[in-house]
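Here's the letter readout for the chains.
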Amino acid sequence: MLTLKADMTNKVETSRPENTPTPIGPYNHIAKVGQFISIGGTAGVSPATGQLAGSDVYRQTKQILQSFQVMLESVGSDLSHIIHLNVFLKNMSDFDEMNRAYVEIMTDHRPARTVIGVNELPKPGVLLTMNVTAVTKE
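These remarks concern the structure in this document. Computed from a predicted model, the values in this text were never measured in an experiment.

Once that is clear, we can look at the packing of helix H1 (residues 57–74) against helix H2 (residues 95–106). H2 packs onto H1 with a crossing angle of 35° between their chain directions and a minimal axis gap of 8 Å. Pair H1 / H2 crosses with right-handed handedness. Across the interface between the two elements, Val 57, Tyr 58, Thr 61, Lys 62, Leu 65 and Gln 66 from H1 touch Glu 97, Met 98, Arg 100, Ala 101, Tyr 102, Glu 104, Ile 105 and Met 106 from H2. Grouping the amino acids of the contact of H1 with H2 by side-chain chemistry returns 8 nonpolar, 2 polar and 4 charged.

Membership of the largest hydrophobic core comes to 23 residues, with the highest contact counts inside it found for Ile 39, Phe 68, Ile 82, Leu 85, Leu 128 and Met 130. Mapped by element, the contributors of at least two residues to this core are strand S3 (36–43), H1, strand S4 (82–89), H2 and strand S6 (128–135).

Moving on, we get to the pairing of S6. Burial analysis of S6 places 7 of its 8 residues in the buried class, which makes it a mostly covered element. When S3 meets S6, the two strands line up antiparallel, connected through 6 bridges. Counterpart to Ile 39 in the pairing with S6 is Val 132. In terms of strand pairing, S4 meets S6 through 7 bridges, oriented antiparallel. In the sheet register, Ile 82 faces S6, and the bridge partner there is Ala 134.

It is worth spelling out the side chain of Gln 60 at this point. Considering the arrangement of structural elements, one finds Gln 60 in helix H1. Polar side-chain contacts of Gln 60 include one of 3.0 Å to the backbone oxygen of Gly 54. Residues within four places of Gln 60 in sequence aside, it is in contact with Gly 44, Leu 52, Gly 54, Ser 55, Gly 125, Val 126, Leu 127 and Leu 128.

Parameters and conventions
Residues numbered from 1 in each chain as written. Predicted model: local features only at pLDDT ≥ 70, side-chain atom pairs only at ≥ 80, totals over all residues. Heavy atoms only, no water. Axes fitted to C-alpha atoms, helices over the stretch in contact; angles between N-to-C directions. Helix = DSSP H or I, 4+ residues; strand = E, 2+ residues; numbered from the N terminus. Left-handed = near helix turned anticlockwise from the far one by under 90°. Contact = heavy atoms within 4.5 Å. Nonpolar A, V, L, I, M, F, W, Y, C, P; charged D, E, K, R; others polar. Core = buried A, V, L, I, M, F, W, Y, C linked by side-chain atoms within 4.5 Å. Buried < 20%, exposed > 50% of the residue type's maximum accessible area, 1.4 Å probe, protein only. Pairing = 2+ DSSP bridges. Polar contact = N/O pair within 3.5 Å; in protein donor to acceptor, adjacent residues only side chain to side chain.

Listed below in structure tokens is the structure:
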């Protein structure tokens, strides 16, 4: 059972860790209050090059989840502490390939998840974005 500690200050800490893609707008990737972590919409962009990790949904999905791992580690968490994940998928025909990459990276952890079909995403060539809610390891 997960027990959460109360944070009486309710101070929101925001950050953008190194080795993660540069946001395309005026925001930070991470907002954290106590043990609760929220990571905003993230595309499959390689932090090393600033370019898409690939032109297919499989490689973009893997890159997003790898970026989440780096982001979560920066605030005392990891992929196994994700509570909920939203997927904003441009083409529902890519659902199976997204799931293939998702299972490879997430292994046996199966948090709650919502997949939403979207018409358009802000960065050209992006086939999906994801955002997560997680908790710290402690």
